[in-house]
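What the coordinates show
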Amino acid sequence: MKLVLGLMSGTSLDGVDLALVRTDGERIEALGAFSSYPYDEGFRELIRDGFGKKSGHEAREAEVTNRHIQAIERFLQTEGLTRSEIDLIGFHGQTVFHEPDNGLTIQLGDGAALAKAVGIDVVNDLRTADVLAGGQGAPLVPVFHAALAKDMAKPLAVLNLGGVGNVTWIGADGELLAFDTGPGNALVDDWVKKHKGQAFDEDGKIAASGDIHDDCVNTFMTHPYFQQPAPKSLDRDEFKKIAFDLVDDLSVEDGAATLTAFTVASVLRAQDAFPELAECWVICGGGRLNKSILSACKAYLSGIVLTAEHVGWNGDAVEAQAFAYLAARSAAGLPITFPGTTGVRQPLSGGQYHPAK
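In what follows, the accompanying structure is described.

Conventions we followed
- Residues numbered from 1 in each chain as written.
- Predicted model: local features only at pLDDT ≥ 70, side-chain atom pairs only at ≥ 80, totals over all residues.
- Heavy atoms only, no water.
- Helix = DSSP H or I, 4+ residues; strand = E, 2+ residues; numbered from the N terminus.
- Buried < 20%, exposed > 50% of the residue type's maximum accessible area, 1.4 Å probe, protein only.
- Polar contact = N/O pair within 3.5 Å; in protein donor to acceptor, adjacent residues only side chain to side chain.
- Contact = heavy atoms within 4.5 Å.
- Core = buried A, V, L, I, M, F, W, Y, C linked by side-chain atoms within 4.5 Å.
- Salt bridge = Lys/Arg side-chain N within 4 Å of Asp/Glu carboxyl O.
- Pairing = 2+ DSSP bridges.
- Right-handed = clockwise from strand over helix to strand, strands pointing away.
- Expected span 1.5 Å × (residues − 1).
- Axes fitted to C-alpha atoms, helices over the stretch in contact; angles between N-to-C directions.
- Phe/Tyr/Trp six-rings, centres within 6.5 Å; stacked < 30°, edge-to-face > 60°.
- Lys NZ or Arg CZ within 6 Å of the ring centre and 35° of its normal.

Quick look at the environment of Asp173 now. With respect to the helices, strands and loops of the structure, Asp173 is situated in the loop between β8 (164–170) and β9 (176–183). Under the relative-accessibility criterion, Asp173 is labelled exposed at 65%. Sequence-wise, Asp173 and Lys154 are 19 residues apart; in three dimensions their C-alpha atoms are separated by 8.3 Å. Here Glu175 takes part through its backbone nitrogen, which lies 3.0 Å from a polar atom of the side chain of Asp173.

Quick look at helix α11 (residues 291–300) now. Buried residues of α11: Ser292, Ile293, Leu294, Ala296 and Cys297, and no others. The inward-facing, buried residues of α11 abut β7 (156–161), α7 (205–208), α10 (252–270), β10 (280–284) and β11 (304–307). Two to three positions downstream of the cap, the backbone nitrogen of Ser292 sits 3.0 Å from a side-chain oxygen, assigning the N-cap of α11 to Asn290.

Moving on, we come to the nonpolar core. With 34 residues, the main nonpolar core has Leu156, Val282, Cys284, Trp313 and Phe323 as its most contacted residues. When residues in this core are grouped by element, the largest group, 9 residues, is from helix α12 (residues 318–331). Ranked by size, the runner-up nonpolar core spans 31 residues in total, among them Tyr39, Leu81, Phe91 and Val118.

Turning our eyes to something else, we now look at the pattern of salt bridges. On inspection of all chains with the given rule, the structure shows 17 salt bridges. Between Arg67 and Glu63 there is a salt bridge whose closest N-O contact spans 2.9 Å. Remark: Glu63 and Arg67 occur in helix α2 (residues 58–79); sequence separation between them is 4 residues, near one turn of the helix. Salt-bridge contacts for Asp237 lead to Arg236; the nearest nitrogen and oxygen are separated by 2.8 Å. A relative accessible area of 11% places Arg236 in the buried class. Connected via shared salt-bridge partners are Glu41, Arg44, Glu45, Arg48 and Lys193.

What follows covers the pairing of β11. With burial as the criterion, only one face of β11 is covered, namely that bearing Val305 and Thr307; the residues Ile304 and Leu306 on the opposite face remain uncovered. Across 4 bridges, the pairing between β10 and β11 is parallel. Bridging from a neighbouring strand, Val282 pairs with Leu306 of β11. What joins β10 to β11 is α11, and the crossover it makes is right-handed.

A few words now on α2. Here α2 is 22 residues long and its end C-alpha atoms lie 32 Å apart, about the 32 Å a rise of 1.5 Å per residue gives. Here α2 has its buried residues at Arg60, Val64, Thr65, His68, Ile69, Ala71, Ile72, Phe75 and Leu76. Positive backbone phi, approximately 65 degrees, marks Gly80, located one or two places after α2.

Along a regular strand, successive side chains alternate from one face of the sheet to the other. Where strand β2 (residues 15–23) lies against strand β3 (residues 28–38), 8 bridges are found, and the strand directions are antiparallel. Residue pairing for β3: Val16 is matched across the bridge by Tyr37. Counting the residues that bridge the hairpin from β2 to β3 gives 4 residues, and of these Gly25 lies at a positive phi of roughly 90 degrees.

Turning to the sheet that holds β11, a few remarks are in order. Reading across from one edge, β9-β8-β7-β10-β11 is the order of the 5 strands in this open sheet, with mixed pairing throughout. In this open sheet, the two edge strands, each paired with only one partner strand, are β9 and β11. Averaged over all neighbouring strand pairs, the angle between strand axes comes to 20 degrees, with direction disregarded. Note that β7 and β10 share 5 bridges and pair parallel. Residue Ala157 lies in a different strand from β10, and its bridge partner there is Trp281. This element, α10, spans β7, β9 and β10 of the sheet and lies at about 155 degrees to β9.

Here we come to unusual backbone geometry. In this model, Lys154 is joined to Pro155 through a cis peptide bond whose omega is 0 degrees. Inspection of the secondary structure assignment puts Pro155 in the loop between α5 (142–148) and β7. Here the bond from Ala230 into Pro231 is cis, since omega is 0 degrees, no more than 30 degrees from zero. Structurally, Pro231 is set in the loop between α8 (214–220) and α9 (240–247). The phi dihedral of Leu13 is positive, around 60 degrees, even though this residue is not glycine. Looking at the element boundaries, Leu13 is found in the loop between β1 (2–9) and β2. Its relative accessible area of 1% is what places Leu13 among the buried residues. Of note, Asp125 is a non-glycine position whose phi angle comes to about 55 degrees, a positive value. Topologically, Asp125 is positioned in the loop between β6 (122–124) and α4 (128–132). On the accessibility criterion, Asp125 (26% relative accessible area) is partly exposed.

This next bit is on the packing of aromatic side chains. This structure, assessed with the given rule, holds 11 aromatic pairs. Taking NZ or CZ as reference, Lys232 lies 4.4 Å from the ring centre of Tyr225, over its face. When the ring centre of Phe244 is taken as reference, the NZ or CZ atom of Lys240 above it lies at 5.7 Å.

Here it is, written out as structure tokens:
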């Protein structure tokens, strides 16, 4: 068993999440402390400027790495931990570009520099091997979802709503199917940022005060992505142009309501890919706090809909915990991606190992 620190910074650009997991890469012995350190708006803008770019990220990568080093130092101090107590770090980095069909995914973050600076071994670059082997490189968390949910009734769906939405379907026999459902919070986040100067629609209040334009939703759902078979994955801004074109003439409130409905419609469509309808949905990520999204999911999804907290999980911590678990699997040479989760031809390990010395 190793005590592993997982680091996650998602496309919603909230900040750095840190979580401890005691694991051997198969069993989860304990879930430990969790903290999140928010990004300032200037740094968010620096990263946003890099979205969709294939190169020119040197300064951004150095700053991403530095922010993670600072977060680790604060976390260790706050939790009263020494470096020697942490066996390994799982470092996701910051995704700025994801185009797996062209063999490229970019997560900013220098694993070797991080290991040297904090004095702890690091595993990073957990997506590239899968993409180079023909997989989608995403989602990566399904094997962790399966470990978390090992004692829960199946079939079960775990839905994560970050910038992009992704779902893990777990069958009664442990079969895994996973894919990106469509937009998560990114579209409505960008909309309220543009029109209100707010980072996100807190509690879904702006969306709740507007009207959904069903014609826009119906048009949005004709996007070719929704006809593609799973597994499949998305870049954060895949839908931004078409979505904003559809709602451009709407009020801020109606636009937020309609963009939120795009997310919900995408999740509803995801059920069509399941071998068997889920008896229960567990919703993680920031989207679970959006009351407009949660109430619509409860109304329209098949099966019971619960938030992560209802089943004893920390919905903010799940992805950071996942990258701790994945780092342990990588270090042990265990597979982290599978035919049913990324479309790779056979179960595959991945990640780059960087010793501290």
